[in-house]
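These are the residues of each chain, in order.
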Amino acid sequence: MNYETVIGIEIHCELKTKTKMFSSAPTSFGEVANTCVNEIDLGHPGTLPCVNKEAVRLALLAATALKCEIDPLIKFDRKNYYYSDLPKGFQITQQFHPIGSGGNISIDTPNGKKNIRINRMHMEEDTAKQFHSDAGTLIDFNRAGTPLVEIVSEPDIRSGAEAMAYVEKLRALLYYLGVSDVKMEEGSMRCDVNVSLREVGTQKLGTKTEVKNLNSISNVQKAIDAEVARQSALLDQGERVIQATRRYDETQKTTVLMRKKEGDVDYKFFPEPNIPPILLSDAWIKEIQDGMEELPDERKERYQSQFALNDYDADVLVANRELSNFFDEVCLHTKNYKKAANWTIVEVIAALNKANIKIADNPCNPVYLAVMINMVDNGEISGKQAKEVFEEIMLGKDPQKVVEEKGMKQMSDSSELLTLVTSVLDNNPQSIEDFKNGKDRAVGFLVGQVMKASKGQANPAMTNKLIAEELKKR
Amino acid sequence: MDIKTNTLESVETRIQKAIDKAHASQDKLNAVVSFIDPCEQIENLKAIDKSAPLYGVPMALKDNINTKGILTTASSRILDNYVPVYDATIVKKLQQAGAISIAKASMDELGMGGTNKNAYRGEVHNAWDTSRISGGSSGGSAVLVASGVVPFAIGTDTGDSVRKPAAFNGVIGMKPTYGRISRYGIIPYASSLDHVGYFTTAIEDAALLLEVLAGRDDQDMTSSYRKVETYASNINADISGKKIAIIDNVQEGVEDSEIKANFQALMDKLVARGAIVEHIRFQDNLMQALFPTYYILANAEATANHSNLDGIRFGMREDGESVEDVMIHSRTKGFSSYVRKRFVAGSYSLFVENQEKVFRKAQKVRRLIVEEVQKTLDNYDVIIASASGNIAPLSENSADEALSNESMVTENHMIIGNFGGFPSITIPTGFVKGMPIAINMSANAFDEQVLFNIGKAIEEETKLKGNDSEVKA
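A few points about empty space enclosed by the protein
- In this structure the tally under the stated criterion is six cavities of 30 Å³ or more.
- Taken as a whole, the largest cavity spans an internal volume of roughly 350 Å³.
- In terms of lining residues, the largest cavity is bounded by 38 residues, among which Gly46, Thr47, Leu48 and Asn274 of chain A together with Pro188 of chain B are the most central.
- The set of elements that each furnish at least two residues to the lining of the largest cavity consists of strand 5 (90-93) of chain A together with strand 6 (195-200) and helix 10 (284-305) of chain B.
- Grouping the constituent residues of the lining of the largest cavity by class yields 15 nonpolar, 15 polar and eight charged.

Okay, structure coming up:
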């Protein structure tokens, strides 16, 4: 039978704050277990939550980027359940009044752009991390209380590929905004997908399963493809899909049952009495939105319209925020955008890879790269010399100093060059003879001689031109 | 005994006297959960100016107030081994003011109850007659002040947990406006109703203590930024023109003729001092709804507030096959059945299928009650009524479960102060059958001063300043 796949995605993202959502303990990744905690994170009696303003700011940025409607009255609720990774026995979240609702983002599909609607985005706190073994359960509370946003899509996604594009798009957005590290492998971005099938042409949603904790973007697609295959095989055999939570097994390349869902859990949500509603001022919201960084789509559009870059170059640059920021800096100091893009995409990346340096730690001063590009364009150095200069720039050196120190400055002064050309011609009568006999190769030899005499500094174009002129005179 | 008593003696002597007295009466009153060795605190006094408002004054803290390194049980079995890792904000404030805590005082388990019979280490007895209840939940604190052990003690008040035991023990019980005193580090009952309060024997002391305890705390988002006033030096017993409203619904439920007469005599004296005393009546259905509404809201919040007590990270742990079993066993054994019953009631009101018609409805009723009371406070300085229709009941006759319908309004009206966060004070006004009786007054939010002013006038009339009971060992 022909099925339509219906997918909705819930994404949890850790916000990039210095301290936790409701306590002043530091947020951490990879620190020694239970060292980034205080009495609040451990749910000790008598502790009270205090909302992290920076977390609200970041959530506001994310909600704006997702084109959500912003609720300026911030309220929190308690979600009650007992679990050893939940110190207070409830999680503080935004059940009734999410900070953002009703947004959308656009993804690229083989059939063009597609809008995926966002149902809601809310703030909450993370739980502790548990390590189960035969000897017992170990709990690391460092993660407990870390600020999160949860982003819930509408069931608008129709394939594993679309799901991957959605997650990728969201990831790029949040990363650009500096809202989150969005590292799926480290768990700072976590993805749960709800998958169901229905007969093509029908409207009623089929029974869904939830596939949890996918630890890479490619696994999002793989897990969905595997789950779709599993569900359609079941339906083809006339069997039912059972509502359950499943996980993706990478080695088996299939989804595995974690637990069945028997009715919804009643979390007994109610408003958090220790946090009075906080009304965000219009001025504060506007200040944050106005200061918001340019988003990837806008940036690509600018690269194509303003810098006339091709689709590929624009994509490569935009895909990496630091690289793209670097490129923008270069472009502030040179008008040769195409060359700036080429140097950035090809040479800078290659040099960084070779030296095993992260883009974020790029030692190259963008102004220097721009100066170097301009030197080539002005004929001050040759393209070949530029490669040598570039190596020094990647060590943090000023190109003008490099050129000076190495005595590289290209000889572009015509009278100086003429003296050289005249002397070379004087010393090579045979070549002049050859030229007159129609041997064009002789010109090349003469140019080479000028280059040699100038220690490579002669401007090749000017040298060519001068030799041609002088030969005619002889 | 007030704060100025024994100030001529050395701090060491003064503190030792208080400790000796507490020990001497412990068998009779059972007001103390743990005694605190004061040596370190006395040593720390060296860093504090001798003019600090509470320099060297002994005090007791209710056992739900976290004290770093000192056992804090909230009179619950599940916390019977709990040693906090941090001090409550008010503990730091009291230390900076020079006060020395000598004891953690007994209470009803987790603040749940009004008798102080529901305490893991046993019942607390009334300072005036040990066969009677102290009242609760801050019973231990009330009794330690009433028996002259300490001039003041800290309590907490969620329904009337400071103001009722104050009435039963003949001391002043003050509960300021919600948000006036930080709750950080106080083991909660119900967060939207919990207040820090305290017991004293003098109005001046009550005013002075508020200066010490009040103020914004960034660790409590519900605490107020409002400036703390100089309440003590502002006290003015001239109450001419002050408008006082007697709550008729409450007074109608007072059957004891001596209590009635005492109340009327006091009102006459206030009139004689120039106060305008009038009668008002709140809607009867709203007053009838006070206790049921309170029971729903307080226990709904409580069931979540105490979900952290699971035996995993601190407190009593009862083993089990799985983590879940550990939690179930620890909680089953760690709480009294009385407390578990309240958790069940709280959970019930929050279930999805009940929430609208129970919890949300109770929240709406709470708002209606507050609006009703506020209408009166818009026209009066204070509302006033008897703190209780009776003297402290005999222990054998009292149980928290058994609430008679007849005394529903009279015995629960002080909940108004918690619903609206209004400042509210209980002041002793005399004795009936050898037992203390009291009135209660509430005012507009942050108008604690008017309570101290009228309270001072009442104190001058009753001449009960500094009064306490001699408990014979």
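Focus on the side chain of Asn64 of chain B
- Checked against the element boundaries, Asn64 of chain B lands in the loop between strand 2 (58-62) and helix 3 (89-96).
- The residues touching Asn64 of chain B, leaving out its near neighbours within four places in the chain, are Thr72, Ala74, Met107, Thr156, Gly185, Ile186 and Ile187 of chain B.

Brief notes about the pattern of salt bridges
Residues and elements named next belong to chain A.
- Within this structure, the stated rule accounts for 57 salt bridges over all chains.
- Note that Glu54 is salt-bridged to Arg57, the shortest N-O span being 3.0 Å. With Glu54 and Arg57 both in helix 1 (residues 53-65) and three residues apart, the pair spans about one turn of that helix.
- Owing to a relative accessible area of 28%, Arg57 belongs among the partly exposed residues under this scheme.
- One salt bridge connects Glu294 with Arg302, and the closest N-O pair in it is separated by 2.7 Å.
- Sharing partners across several salt bridges, the network here consists of Glu293, Glu294, Arg299, Arg302, Arg321 and Asp328.

So, the interface of chain A and chain B
- Taken together, the contact between chain A and chain B spans 35 residues of the former and 41 residues of the latter.
- Taken together, chain A and chain B are joined by 19 residue pairs in polar contact (both at pLDDT 80 or more).
- A class-by-class count of the residues in the side of chain A that touches chain B yields 21 nonpolar, nine polar and five charged.

Focus on the packing of aromatic side chains
- Overall, the coordinates contain 17 aromatic pairs over all chains when judged by the stated rule.
- Ring geometry for Tyr303 of chain A against Phe327 of chain A: centres 5.1 Å apart, planes inclined by 85°, an arrangement best described as edge-to-face. Taken together, the residues Tyr303 of chain A in helix 5 (residues 296-305) and Phe327 of chain A in helix 7 (residues 321-331) connect sequence positions 24 residues apart.
- An angle of 75° between the planes, with centres 5.9 Å apart, marks the rings of Tyr231 of chain B and Phe452 of chain B as edge-to-face.

The rules behind the values
- Residues numbered from 1 in each chain as written.
- Chains lettered and ligands numbered in written order.
- Predicted model: local features only at pLDDT ≥ 70, side-chain atom pairs only at ≥ 80, totals over all residues.
- Heavy atoms only, no water.
- 1 Å grid on protein atoms, 1.4 Å probe; cavity = no way out; pocket = protein on both sides within 12 Å on 5 of 7 lines; lining within 4 Å.
- Points joined across faces, edges and corners; volume = space filled by probe spheres on them.
- Helix = DSSP H or I, 4+ residues; strand = E, 2+ residues; numbered from the N terminus.
- Nonpolar A, V, L, I, M, F, W, Y, C, P; charged D, E, K, R; others polar.
- Contact = heavy atoms within 4.5 Å.
- Salt bridge = Lys/Arg side-chain N within 4 Å of Asp/Glu carboxyl O.
- Buried < 20%, exposed > 50% of the residue type's maximum accessible area, 1.4 Å probe, protein only.
- Polar contact = N/O pair within 3.5 Å; in protein donor to acceptor, adjacent residues only side chain to side chain.
- Phe/Tyr/Trp six-rings, centres within 6.5 Å; stacked < 30°, edge-to-face > 60°.

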